[in-house]
Amino acid sequence: MKNLSRKYGSRMLLILAGIMALLSFQVSAAQARSLEIAEVDIKAEVLANGDIKVTENRTVAFYGQFRGADYKIYFNEIELFSDIFVREGDFYYTLVDEFPTTEPGTYALQVHGDDYFVIDWSFNAIDERRTFTFDYIIRDAIVVHNDTAELYYKFIGDEWAFPTSNARVTLTLPEGTAEAELRAWGHGPVHGEVKIDGPRQVTWWVAPLPANTFLEGRVLFPKELVPESTRFSGKDALSTILKEEEQWARQANLGRLTRKYQLPFSLFLLLPVGFSIVTKRRRAANLTHAYKGEYYRELPGQYPPAIAGYLWNKKQILNEYLSAGILDLARRRHLRIDEINLSGKDGKTDEKDYRLVEIKGDGPLSSLDSLILDFLFATVYEEIAKDEQSGTEKAVTFEQIKSLAKSKPKDFHSFHQAWTKAVKLAGEGQKFFKNNPAWGLGCLPQLLIFITGFIAIFWWQLYILAAVLLVAPIVMFFASPCIGYSDYGADQLSKWKAFRRFLLHFSEMERSTVPSLVIWEHYLVYAVALGVARQVIDQLAIVFPNLQQEPTFNQTSWSNFNATQSLAAIQSVNSLTRSLNRTINTATRSSTAAITAASSSSSYSSSGGFSSGSGGGGGFSSGGGGGFGGGGGSFR
């Protein structure tokens, strides 16, 4: 019995699993639905009384399950649509009163005043391709003017939310005319084509027809073809229609030419963009008043390293400038940097920290110096370091600076903001730049180009040209300098560039031309601001292989490091510089992240030939939209 129960129990589990899998498949199939309109083939025949008999075939590929659809057709100037049927091949749907319909194989009609009517039909389609056919007669579709008869009709409206891969309309006229007496135009996508196929037939073709885009046809023919028509305009219309179509054809043909040559034209547009950027940069650089030498062997200016960085990076203030300011205070003996050996995780002294010790120097202090010293030996010392040391010296370590940024982010942030503001004020006081506003009349051409880019997308559909027109002004805005250098600023910048080249290449020069070690300590401070500190330190090891034996070594702040060999002293300088930069960057990130977190918690296939304004066939024009009919549909 136990084996039997286990046997049937296993079968029940398998059956339940199968049912769950089937239900899951059906749910996923119902959810993952899509469709595409593969083809629309419309055949329309003009009758002698001015009516049009229409047979419209819509082939739809369904992916997933669909149960019905609706189709809206506008009346506009037409008073009546009659003999409306829905079928699939020879199977005719049954007309019912219920609207919307629910029973597969039925359809219903609903009229909405004088505006439009809706065909609603029900079916059951799952992952298959179906062709629905609509038969109807448009009463009094032809308007008879004094000099011609006109059909002006939207065969496909612009309210279909799905693109159509291939759309074709064939119009058949009554007998009794010559091909030369016909005029036909197509309105819609400019890649569509209209063709007169003899004295009785006109064909419109678009592949693909984008979503929400109409296909409209207009045909003029002798009024004698519809002798029983009862719709008369009572006016001459031929010349007006020809003039209107000529204008639309010119617009469409211009669009085709632009589309055809948009790639070379777009590339050609990049030339003036590049020329404009180069010209603006040369003017901003003010090269005619700049230093022309390859190297500059002394400091170009007697201002702090942060101000040199302010000029070098075009008013951008980096954390490295703060590191350079601390090193400069050590060089001028307003603080002392001691190297501290720490015990690593394995008990060995392979980790280092650095301690900044306050010294009462005799030299003058700038506002930038005072801000740094007050922060280190007032804020950091009083809040973090005071209780962690003994003795009379005021000292803070790099780790204590990072600790303050984490525990009291507002204090570090306030200091950093004040120091940044002071650098900016001091930099502006040097008069390096001529201010050119980023926005103003000078940016009017870029703005016009940008607007034209949007027009190229949404009006002309010239996507390559639009990409260039949209990107070019952005590139011009950001690549072109918003500030220009003064004569003094241009000369200073060129000298700093030459000085930086000297820093990178001094190890290749004769020893007699290289300054003493004390001067190099001064230069290294500015090398930090210029971003070449590591390269300078590497070259110092080459130029001064016996660093500690240099006569001026004891006059440098480097002599405080615990190094017994020259190479170790150089490595200590390198380690100090990198550690200081990391400390400032870490502290800045920590304080910014903490303040931000606190703030957040509180708060196509067819090509389309040229359009013919005379009505002799060719490509679609981009005008139109005045014909009756049209509409759209949806699926459920």
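Note that the structure is a prediction, hence the values are computed from the model and not measured.

The rules behind each value
Residues numbered from 1 in each chain as written. Predicted model: local features only at pLDDT ≥ 70, side-chain atom pairs only at ≥ 80, totals over all residues. Heavy atoms only, no water. Helix = DSSP H or I, 4+ residues; strand = E, 2+ residues; numbered from the N terminus. Buried < 20%, exposed > 50% of the residue type's maximum accessible area, 1.4 Å probe, protein only. Areas by Shrake-Rupley, 256 points an atom, 1.4 Å probe, with all protein chains shown as cover. Pairing = 2+ DSSP bridges. Core = buried A, V, L, I, M, F, W, Y, C linked by side-chain atoms within 4.5 Å. Expected span 1.5 Å × (residues − 1). Axes fitted to C-alpha atoms, helices over the stretch in contact; angles between N-to-C directions. Parallel < 35°, antiparallel > 145°, perpendicular 65-115°, else oblique. Contact = heavy atoms within 4.5 Å. Nonpolar A, V, L, I, M, F, W, Y, C, P; charged D, E, K, R; others polar. Bend = angle between axes of the 7 residues up to and from the residue. Salt bridge = Lys/Arg side-chain N within 4 Å of Asp/Glu carboxyl O. Phe/Tyr/Trp six-rings, centres within 6.5 Å; stacked < 30°, edge-to-face > 60°. Lys NZ or Arg CZ within 6 Å of the ring centre and 35° of its normal.

Trainee: Can you walk me through the overall build of the protein in this structure?
Mentor: What the protein contains, in helices and strands, is 14 helices and 24 strands. Within the protein, buried positions represent 46% of all 636 residues. Accessible area of the protein: about 32,200 Å², with a carbon and sulfur share of 55%.

Trainee: Sorry, what's going on with the pairing of strand β24 (residues 631-635) here?
Mentor: Across a regular strand the side chains alternate sides, sitting on one face of the sheet and then on the other. In terms of burial, β24 is a largely internal element, four of the five residues being buried. Bridge count for strand β3 (residues 65-74) against β24 is five bridges, and the pairing is antiparallel. Along β24, the bridge assignment pairs aspartate 70 with serine 634.

Trainee: I'm lost on the nonpolar core in this one. Help?
Mentor: Buried together is how nonpolar side chains tend to be arranged in soluble globular proteins. If you look at the biggest cluster of nonpolar residues, it comprises 70 residues, and the most contacted ones within it are Leu335, Leu356, Phe499 and Leu503. Looking at this core, the element that brings in the most residues is helix α6 (residues 367-385), giving 10 residues. Among the nonpolar cores identified, the runner-up in size contains 56 residues, and Val54, Ile138, Ile156 and Leu173 belong to it.

Trainee: What's the story with unusual backbone geometry in this structure? I'm lost.
Mentor: Comment: phi is negative for the bulk of residues other than glycine, and the bulk of peptide bonds are trans. The omega angle of the peptide bond from phenylalanine 99 to proline 100 is -5°, so this bond is cis rather than trans. Topologically, proline 100 is positioned in the loop between β6 (94-95) and β7 (106-112). Cis geometry is adopted by the peptide bond preceding proline 208, which originates at alanine 207 and carries an omega value of -5°. In this fold, proline 208 is placed in the loop between β15 (201-206) and β16 (215-221). Positive phi, normally seen in glycine, also occurs at lysine 314, with a value near 50°. On the basis of relative accessibility, which here comes to 36%, the residue lysine 314 falls in the partly exposed class. Within the chain, lysine 431 stands out as a residue other than glycine whose phi angle is a positive 60°. With respect to the helices, strands and loops of the structure, lysine 431 is situated in the loop between α8 (409-429) and β20 (433-435).

Trainee: Teacher, can you tell me more about helix α11 (residues 487-505) here?
Mentor: What sets the pattern is the α-helix's 3.6 residues per turn: residues three or four places apart point alike. Here α11 is 19 residues long and its end C-alpha atoms lie 27 Å apart, about the 27 Å a rise of 1.5 Å per residue gives. Looking at α11, one finds that the buried residues are Gly489, Ala490, Asp491, Gln492, Leu493, Ser494, Lys495, Trp496, Ala498, Phe499, Phe502 and Leu503.

Trainee: Teacher, can you tell me more about the packing of helix α4 (residues 305-312) against α8 here?
Mentor: Packed helices, taken two at a time, are described by the angle between their axes plus the distance between the axes. Relative to each other, α4 and α8 sit at 70°, their axes nearing to 9 Å. Regarding the angle of α4 to α8, the classification is roughly perpendicular. Taking contact as the criterion, the partners of Ala306, Ile307 and Tyr310 in α4 are, on α8, Trp419, Val423, Lys424, Ala426, Gly427 and Glu428. Class assignment for the residues of the contact of α4 with α8 results in six nonpolar, one polar and two charged.

Trainee: I keep staring at the pairing of β16 and nothing clicks. Help me out?
Mentor: β16 sits mainly inside the fold: seven of its seven residues count as buried. Residues Leu215, Gly217, Val219 and Phe221 of β16 are buried on one face, and the alternating residues Glu216, Arg218 and Leu220, pointing to the opposite face, are buried as well. Across five bridges, the pairing between strand β13 (residues 183-187) and β16 is antiparallel. Among the inter-strand pairings, histidine 187 is bridged to a residue of β16, identified as glutamate 216.

Trainee: When you look at α6 in this model, what are you seeing that I'm missing?
Mentor: Largest kink in α6: about 30°, centred on phenylalanine 375. The set of residues buried in α6 consists of Leu368, Asp369, Ile372, Leu373, Phe375, Leu376, Phe377, Val380, Tyr381, Ile384 and Ala385.

Trainee: What is the right way to read the sheet that holds strand β17 (residues 335-342) from this model?
Mentor: Sheet strands line up and pair through hydrogen bonds in the backbone, either parallel or antiparallel. Taken in spatial order, the three strands make up an open sheet running β17-β18-β19, and their pairing is antiparallel. At either margin of the open sheet sits one strand with a lone partner, and together these are β17 and β19 (395-397). The mean inter-strand angle of the sheet, taken between neighbouring strand axes irrespective of direction, is 25°. Bridge analysis of strand β18 (residues 351-358) against β19 gives three bridges, and the strand direction is antiparallel. What sits directly across from leucine 356, in β19, is valine 396. Here helix α5 (residues 319-331) sits on the sheet in contact with β17 and β18, set at roughly 110° to β17.

Trainee: Help me understand the pattern of salt bridges in this model?
Mentor: Side chains that carry opposite charge are capable of pairing whenever their charged atoms lie near each other. On inspection of all chains with the given rule, the structure shows 26 salt bridges. Close ionic contact of arginine 130 with glutamate 128 constitutes a salt bridge, the shortest N to O distance being 3.4 Å. Residues joined in a network through salt bridges with shared partners are Glu150, Arg218, Glu244 and Glu245.

Trainee: Before we go on, may I ask you to explain the packing of aromatic side chains in this structure?
Mentor: Each aromatic ring pair is characterised by the separation of its centres together with the angle its planes make. One pass over the full model with this rule turns up 34 aromatic pairs. An angle of 70° between the planes, with centres 5.8 Å apart, marks the rings of phenylalanine 62 and phenylalanine 635 as edge-to-face. For the ring pair phenylalanine 412 and phenylalanine 415, a centre distance of 6.1 Å and an interplane angle of 70° mean the geometry is edge-to-face. Of this pair, phenylalanine 412 and phenylalanine 415 both sit in helix α8, three residues apart, which is roughly one turn of the helix. You can call phenylalanine 412 buried: its relative accessible area is 1%. Each member of the aromatic cluster is reached from another via a ring pair, and the members are Tyr303, Tyr310, Phe432, Phe433, Tyr485, Tyr488, Trp496, Phe499, Phe502, Tyr523 and Tyr526. Note that lysine 72 overlies the ring of tyrosine 116, its terminal NZ or CZ placed 4.6 Å from the centroid.

Trainee: Is there a simple way to think about the sheet that holds strand β8 (residues 116-126) in this case?
Mentor: The five strands are arranged β6-β7-β8-β3-β24 in an open sheet whose pairing can be described as mixed. Strands at the two margins of the open sheet, each flanked by one partner only, are β6 and β24. Relative to β8, β7 runs antiparallel, the two sharing six bridges. What sits directly across from tyrosine 107, in β8, is tryptophan 121.

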